[in-house]
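# Topology and contacts: notes
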4 protein chains.
Amino acid sequence: MHQEKDKPTGALKDLNSGSYMKGDETLKKDKPKYKQIIDAAVVVIAENGYHHSQVSKIAKQAGVADGTIYLYFKNKEDILISLFEEKMGQFVSAIKRGMEHEEDAAAQLEILIKSHFQMLADDRHLAIVTQLELRQSNKDIRLKINKVLKEYLLLVDEVLHNGAQSGVFQTDLDIRLARQMVFGTIDEVATTWVINDQKYDITNLAAGVHSLIVRGLSS
Amino acid sequence: MHQEKDKPTGALKDLNSGSYMKGDETLKKDKPKYKQIIDAAVVVIAENGYHHSQVSKIAKQAGVADGTIYLYFKNKEDILISLFEEKMGQFVSAIKRGMEHEEDAAAQLEILIKSHFQMLADDRHLAIVTQLELRQSNKDIRLKINKVLKEYLLLVDEVLHNGAQSGVFQTDLDIRLARQMVFGTIDEVATTWVINDQKYDITNLAAGVHSLIVRGLSS
Amino acid sequence: MHQEKDKPTGALKDLNSGSYMKGDETLKKDKPKYKQIIDAAVVVIAENGYHHSQVSKIAKQAGVADGTIYLYFKNKEDILISLFEEKMGQFVSAIKRGMEHEEDAAAQLEILIKSHFQMLADDRHLAIVTQLELRQSNKDIRLKINKVLKEYLLLVDEVLHNGAQSGVFQTDLDIRLARQMVFGTIDEVATTWVINDQKYDITNLAAGVHSLIVRGLSS
Amino acid sequence: MHQEKDKPTGALKDLNSGSYMKGDETLKKDKPKYKQIIDAAVVVIAENGYHHSQVSKIAKQAGVADGTIYLYFKNKEDILISLFEEKMGQFVSAIKRGMEHEEDAAAQLEILIKSHFQMLADDRHLAIVTQLELRQSNKDIRLKINKVLKEYLLLVDEVLHNGAQSGVFQTDLDIRLARQMVFGTIDEVATTWVINDQKYDITNLAAGVHSLIVRGLSS
DNA sequence: AATGAATGAGGCTTCATTCAT
DNA sequence: GATGAATGAAGCCTCATTCAT
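Structural notes, computed from the coordinates.

Definitions and cut-offs
Residues numbered from 1 in each chain as written. Chains lettered and ligands numbered in written order. Predicted model: local features only at pLDDT ≥ 70, side-chain atom pairs only at ≥ 80, totals over all residues. Heavy atoms only, no water. Helix = DSSP H or I, 4+ residues; strand = E, 2+ residues; numbered from the N terminus. Contact = heavy atoms within 4.5 Å. Near = heavy atom within 4 Å. Polar contact = N/O pair within 3.5 Å; in protein donor to acceptor, adjacent residues only side chain to side chain. Buried area = accessible area lost by both parts, 1.4 Å probe. Salt bridge = Lys/Arg side-chain N within 4 Å of Asp/Glu carboxyl O. Nonpolar A, V, L, I, M, F, W, Y, C, P; charged D, E, K, R; others polar. Axes fitted to C-alpha atoms, helices over the stretch in contact; angles between N-to-C directions. Parallel < 35°, antiparallel > 145°, perpendicular 65-115°, else oblique. Least-squares fit on C-alpha atoms with pLDDT ≥ 70 in both. Buried < 20%, exposed > 50% of the residue type's maximum accessible area, 1.4 Å probe, protein only. Lys, Arg positive; Asp, Glu negative; His and termini not counted. Arc of directions from axis to C-beta. Left-handed = near helix turned anticlockwise from the far one by under 90°.

Moving on, we come to the overall build of chain A. Of the regular secondary structure elements, chain A holds 10 helices and 0 strands. Ordered by position from the N terminus, the helices and strands of chain A form the series α-α-α-α-α-α-α-α-α-α. Sequence-distant contacts in chain A: of pairs separated by 6 or more residues, those separated by 24 or more amount to 72%.

In structure tokens form, the structure reads like this:
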């Protein structure tokens, strides 16, 4: 955990260098319209679906002209990737903050799961976008999204590594495989919840998911 | 376990009644060109990506005229759904066959995982299509695909139910959640493997995945 | 009037030589399937509209295979033209028969109008086809249809000529213009009736139409 | 006649509210490209025939990009309907203007016929389009065209009603039937003229047509 | 003569992006 | 910086006709 505490935001540090941004004068990202457009994109995509979310619709929702979008984003793809970066960045930061004062790997994992579910529950539009809509994007975008996702996965790896080293988890744990189980499970539970119109409280599932992951199916 | 043995293939029995098919004279599905076109679609989609797979490309790969496609499929969407039905049907059948003579739930689960990975490994085109390309289809298609997927999930449920009843798994197992873990994990492992260009042997991961699912992370 | 009586069917004499027919052995036209297909076309076009009347639909209604159509008709266009020829031929013959024993031009005109309306009233499918559907065909077909129509117009001309010579009508009548009034009026009344779903009895309008045509609007 | 004089253009007042047009800011209809495209459509349809008039051809003729068409019209159909509305509106307005200072119904009718023929003679492309090409459009379009046509027919009705009341025409005139005679005759004369490649001067026929309609065939 | 499976040309429309104002 | 009118490429599907059986 020391690692983690030593560089609490480190893992995210170059998340802001990915996409479109001209000079280093004033970052586009810090101008109000940048976030305004991203938030508009979340709403529009959640409400209309990925394939019916034209740039013009996002512009209208953001209250700007179509052309203005292109002053802040290279192209439509860039909106989506930036959206994911922006939101995922906050996501990872929040989870890290949550885990900051906990050293037990199992407990950290529970915080991670809870935070994950909580954040989805807090923004139903965003939940739809990340769990369903963004996945219909083409391979290129999904690859770039995966790059952003890597931050999150590294976080999971850290927890697993911790647990293995401290003996909380199996000492010879295949971290890569375990991470795929952890992420795969959380993601599947989240997606199922969104597909079912978020009609139950997903945060209530956190404990059960945590237990399954840690203890497995065995009796 | 008796259930399972009594109707080993039952759950799949009407998988072939889904989409496009006129009378009961000679099923379109049984004509050679039907499979020919589906196989062509798998190759074309795997090689060009979902969004660059024009009907004309599929027709050319299948060695038929564009219009011929429409003698066997209602529209482009129907090709995709039928593709998934056809392949998923074989998929589920194969897994069921594999599990037929095994009564232990944990062993059944291992067979399921192994079979799943084996089938993906056996057809690298199909693996790309199911793990990556088909997911960028629109909501309508995904809904219908989910319907087909349900057969598979029911199969998982049966195994889990078995295990819970026979005491191999936790007797108070939350089947729904457990199924989401099982499927989520398998799917994530498979997707990761495809994203990494299938460059390692996924079947080697089956044992590890099975172990993780059954025993969890605990030491 | 002698003219008229001398060659009672003359005007129709080459109506049967228009379109498709191979040798002079056995006329295609006399084989049962010829009329069978034409009648099928009338029904299909009336019920589905011109643009939704595919050859395959006509074939099915006629109880023959698609290919069989082409043993009796050169192409789809030929079905339509033949349909019009066949029906228009009967039409003109019937009107001629009706007028045969009447010498007064005004009375002849009344018979013509009455017969015209009566025949439309007798076959509601045919009425739809001739008044509405066939008019959406392309210019080529309409030109050929007009050629067939010419027989009918010649008949009108004869009556008008008669009337002018016998002093029943204006002696310096512009036959061409008068014929356009007669046909235009009859056609417009018929079309209006069909557009209104044939929901009143068009034959009741014959007297009024005749009176208007003969006496005009004047008080 | 007072009615007529009091609201001479009234019947047309909402002819411009028919199809595609968003707010009331700046009407699409008033922008130059709107008329530009409609005029292009008239020329293209007249020269190529309805079925060979692709949107791209119209765009090229109008000197705009294909996509620009869709900034002004909902779809291809909307071009045709708007075309008819626009031209028919001018048509009816012109006729009304012409009749404004004439109180005698017979004289009004003569003006109507003359104006009708004159306008067709003034634009040979438009004549082809309205008399021939537009009639092969599908039922939906024809229905909407008929709605626009109704303005014209109401105008005819007014004249006939006038005439009947003032004793110029038969006082017990069946207006509906009379209107069908008037319109049927004018339309047939116009169509015949167009089919014959407009090779004679149709305006010369106005007097004869008027005479026939008012006095009928009687000697 | 009759069949019907196979063919393949052809066009409307959407929407991300640009650029003159 | 902001605008929004204009652009133009790209693809699914229908259906008249053929021809091997």
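Surveying the vicinity of DNA strand E reveals 28 residues, the closest of which are Thr68(B), Tyr72(B), Lys33(C), Thr68(C) and Gln54(D). Sugar and phosphate atoms represent 73% of those atoms of DNA strand E found within 4 Å of the protein. Between DNA strand E and Ala65(C), the relevant distance is 3.0 Å, taken from a phosphate oxygen to a main-chain nitrogen or oxygen of the residue. Here a phosphate oxygen of DNA strand E sits 2.8 Å away from a polar atom, N or O, in the main chain of Lys76(D). Those elements that place two or more of their residues in the surface near DNA strand E are helix 4 (66-72) of chain B, helix 4 (66-72) of chain C together with helix 4 (66-72) of chain D.

Our focus in this paragraph is the protein's contact with DNA strand F. Around DNA strand F lies a shell of 27 residues, among which Lys33(A), Thr68(A), Val55(B), Thr68(D) and Tyr72(D) are the nearest. Among atoms of DNA strand F positioned within 4 Å of the protein, sugar and phosphate together represent 73%. Between DNA strand F and Gln54(C) there is a distance of 3.0 Å, counted from a phosphate oxygen to a side-chain nitrogen or oxygen. Within the backbone of Ala65(D), one N or O atom sits 3.0 Å away from a phosphate oxygen of DNA strand F. If you list the elements that add at least two residues to the surface near DNA strand F, you get helix 4 (66-72) of chain A, helix 4 of chain B together with helix 4 of chain D. The dominant element in the surface near DNA strand F, judged by the number of residues it contributes, is helix 4 of chain A, at 5 residues.

As a measure of interface size, the accessible area lost when the parts come together is often cited. With 42 residues of chain C in contact, the opposing surface of chain D contributes 42 residues. Summed over both partners, the interface of chain C with chain D buries about 3,500 Å², with 59% contributed by carbon and sulfur atoms. Our count for the contact surface shared by chain C and chain D stands at 1 salt bridge. Residues Glu133(D) and Lys139(C) are paired through a salt bridge, measuring 3.1 Å at the closest nitrogen-oxygen approach. Joining chain C to chain D, the criterion identifies 15 residue pairs in polar contact (both at pLDDT 80 or more). For the side of chain C that touches chain D, the secondary structure elements donating two or more residues are helix 8 (139-166), helix 9 (175-195) and helix 10 (206-215) of chain C. If you tally residues by element for the side of chain C that touches chain D, the top one is helix 9 of chain C, at 13 residues. Considering only residue class, the side of chain C that touches chain D consists of 20 nonpolar, 15 polar and 7 charged.

Let us look at the packing of helix 2 (residues 32-48) of chain C against helix 5 (residues 76-99) of chain C. Residues and elements named next belong to chain C. Viewed as axis vectors pointing N to C, helix 2 and helix 5 meet at an angle of 100 degrees, and their least axial separation amounts to 10 Å. As judged from the angle between their axes, helix 2 and helix 5 are roughly perpendicular. In this structure, helix 2 uses Tyr 34, Lys 35, Ile 38, Asp 39, Ala 41, Val 42 and Ile 45 to contact helix 5, whose residues at the interface are Ile 79, Leu 80, Ser 82, Leu 83, Glu 86 and Lys 87. Here the contact of helix 2 with helix 5 is built from residues that sort into 8 nonpolar, 1 polar and 4 charged.

Placing chain C over chain D gives an RMSD of 0.3 Å and needs a rotation angle of 179 degrees, together with 0.2 Å of translation along the axis. The transformation relating the two chain copies, once decomposed into turn and shift, fits a two-fold axis. Interface overlap between copies: 100% of the residues of chain C at the interface are likewise at the interface in chain D, consistent with a symmetric, same-surface contact.

Okay, helix 7 (residues 124-131) of chain B next. All names here are of chain B. In terms of burial, helix 7 is largely enclosed, as 6 of its 8 residues are buried. The set of residues buried in helix 7 consists of Leu 126, Ala 127, Ile 128, Val 129, Thr 130 and Gln 131. For helix 7, the elements touching its buried residues are helix 2 (32-48), helix 5 (76-99), helix 6 (105-122) and helix 9 (175-195).

Here we come to the pattern of salt bridges. All names here are of chain A. Evaluated as defined, the whole model comprises 26 salt bridges over all chains. We note a salt bridge from Glu 86 to Lys 35, for which the minimum N-O separation is 2.5 Å. Placement of Glu 86 in helix 5 (residues 76-99) and of Lys 35 in helix 2 (residues 32-48) is noted, with a sequence separation of 51 residues between them. Classification of Glu 86 as buried rests on a relative accessible area of 15%. You can call Lys 35 partly exposed: its relative accessible area is 41%.

This next bit is on the side chain of Arg142(A). Tracing the sequence through the fold places Arg142(A) in helix 8 (residues 139-166). Buried and without a salt bridge, Arg142(A) has Glu133(B) as its closest oppositely charged side chain, separated by 5.7 Å.

What follows deals with the interface of chain A and chain B. With 42 residues of chain A at the interface, the matching set in chain B holds 42 residues. Buried surface at the junction of chain A and chain B, summed over both partners, amounts to about 3,600 Å²; 59% is from carbon and sulfur atoms. Seen at the junction of chain A and chain B, the total is 15 residue pairs in polar contact (both at pLDDT 80 or more). Elements supplying a minimum of two residues to the side of chain A that touches chain B: helix 8, helix 9 (175-195) and helix 10 (206-215) of chain A. When residues of the side of chain A that touches chain B are assigned to their parent elements, the largest contribution, 13 residues, is made by helix 9 of chain A. For the side of chain A that touches chain B, the residue count by class is 20 nonpolar, 15 polar and 7 charged.

With that settled, consider unusual backbone geometry. Look at Asp197(A): it is not a glycine, yet its phi comes out positive at around 60 degrees. Mapped onto the fold, Asp197(A) is located in the loop between helix 9 and helix 10. A positive phi is found at Gln198(B), a non-glycine position, where the angle reads about 55 degrees. Looking at the element boundaries, Gln198(B) is found in the loop between helix 9 and helix 10 (206-215). Look at Gln198(B) and you get buried, because its relative accessible area is 10%.

Turning next to helix 3 (residues 55-62) of chain C. Residues and elements named next belong to chain C. Along helix 3, the residues classified as buried are Val 55, Ile 58, Ala 59 and Ala 62. Each buried residue of helix 3 sits inside an arc of 100 degrees when the element is viewed along its axis, so together they form one side. Where helix 3 is buried, its residues meet helix 2, helix 4 and helix 5. Of the residues trailing helix 3, Gly 63 is marked for its positive phi of about 75 degrees.

As a further point, take the packing of helix 5 of chain B against helix 6 of chain B. Residues and elements named next belong to chain B. The contact between helix 5 and helix 6 brings their axes to 9 Å, and the two run at 140 degrees. Here helix 5 lies oblique to helix 6, going by the angle between them. In this structure, the crossing between helix 5 and helix 6 has a hand that is right-handed. Only Gln 108, Ile 111, Leu 112, Ser 115, His 116 and Met 119 of helix 6 make contact with helix 5, whose side of the interface consists of Gln 90, Phe 91, Ala 94, Ile 95, Gly 98 and Met 99. Residues belonging to the contact of helix 5 with helix 6 are distributed by class as follows: 7 nonpolar, 5 polar and no charged.

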